[in-house]
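# Summary of the model geometry
Listed below, chain by chain, are the residues.
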Amino acid sequence: MSSLSERKILITGAGSGLGAAMARRFVAAGAKVALADLHHAKASQVAGEIDPQGQSTLAIGVDVGQQAAVFDALTAMLERWGGLDVLVNNAGTDVTAPIEEVSYSGWTRVLETNLIGPFLLTKAALPALKASDGGRGGHIVNVASTASLRAWPNASAYHASKWGLLGLSKALHAELRASGVRVSSLIAGGMRTPFLLERFPDLNPETLQDPANVAEAVHAVLSLPRGSVIAELMVLPDQETSWP
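This write-up is about the structure you can find in this document. (Residues numbered from 1 in each chain as written. Predicted model: local features only at pLDDT ≥ 70, side-chain atom pairs only at ≥ 80, totals over all residues. Heavy atoms only, no water.)

Before going further, it helps to spend a moment on the side chain of S161. Looking at the element boundaries, S161 is found in helix α5 (residues 156–176). In this structure S161 comes out as buried when scored by relative accessible area, which is 0%. (Helix = DSSP H or I, 4+ residues; strand = E, 2+ residues; numbered from the N terminus. Buried < 20%, exposed > 50% of the residue type's maximum accessible area, 1.4 Å probe, protein only.)

This part covers the pattern of salt bridges. For the structure shown, the criterion picks out five salt bridges. With its nearest N and O atoms 2.8 Å apart, the salt bridge here joins E216 to R25. In this pair, E216 sits in helix α7 (residues 211–223) while R25 sits in helix α1 (residues 17–28), placing the two residues 191 residues apart along the sequence. On the basis of relative accessible area, R25 is assigned to the partly exposed category, the value being 23%. The partner of D133 in a salt bridge is R226, with the nearest N and O atoms 3.1 Å apart. Here D133 is found in helix α4 (residues 104–135), whereas its partner R226 is found in the loop between α7 and β7 (232–235), with 93 residues between them in sequence. For D133, a relative accessible area of 36% gives the class partly exposed. Look at R226 and you get partly exposed, because its relative accessible area is 32%. (Salt bridge = Lys/Arg side-chain N within 4 Å of Asp/Glu carboxyl O.)

Another point: a nonpolar patch on the surface. A cluster of nonpolar side chains, namely L149, M234 and L236, defines an oily patch on the protein surface of about 250 Å² accessible area. Looking at the secondary structure, you find L236 in the segment after β7. (Patch = residues over 30% accessible without salt bridge, like charges linked within 9 Å, V, L, I, M, F, W, Y side chains within 5 Å. Areas by Shrake-Rupley, 256 points an atom, 1.4 Å probe, with all protein chains shown as cover.)

Bear in mind that shape data such as this cannot, by itself, settle questions of function.
Given below as structure tokens:
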């Protein structure tokens, strides 16, 4: 397996949940990790917990749906470490309501975070990713969801964004492979994260998976030697039945 030691990784939505779990796992593997989050204080707190000396982490506040903010975040990382090897598009949001009650601003907020954000980040990061590993290319991981494969009520914006993200990821896999940039889609089932538990308090946490398990799976994806790529990976709780 290929080592993550000294690899430079940018994770969005890293202030909690799966993003924080991935940051923790990658720092433990020796990577340099930029933790980007809409809430800078949350990213800073996680960075301080996993890297008290601050040698291996950089906390960045960014709204991934805003082009100028994305440019500033990438600039901060490149100035700190001089390159980018892995981009993890993990930031996500939702509005849980019947479509009759979903406002235009609520709909666009979900699309900007979940779909436009990965587009903006990928486009801005491509020069650095193509130059990664001596020009052999870096890696993009797009965090989708089982919501990108099926549907349930009161989540139309989320489904639209995640189905779109999976489509974007498949398209990028086909488009970028010639440049050496590998693209992987992660289809994650329900996790014990604030994203689910704070919105659905009736969920039984015991049926959901630990985000650390999913982070371990992503670590394996990024550790695969050159010559192969895991283009799509589904990670589900072993007790999952109907949710999500």
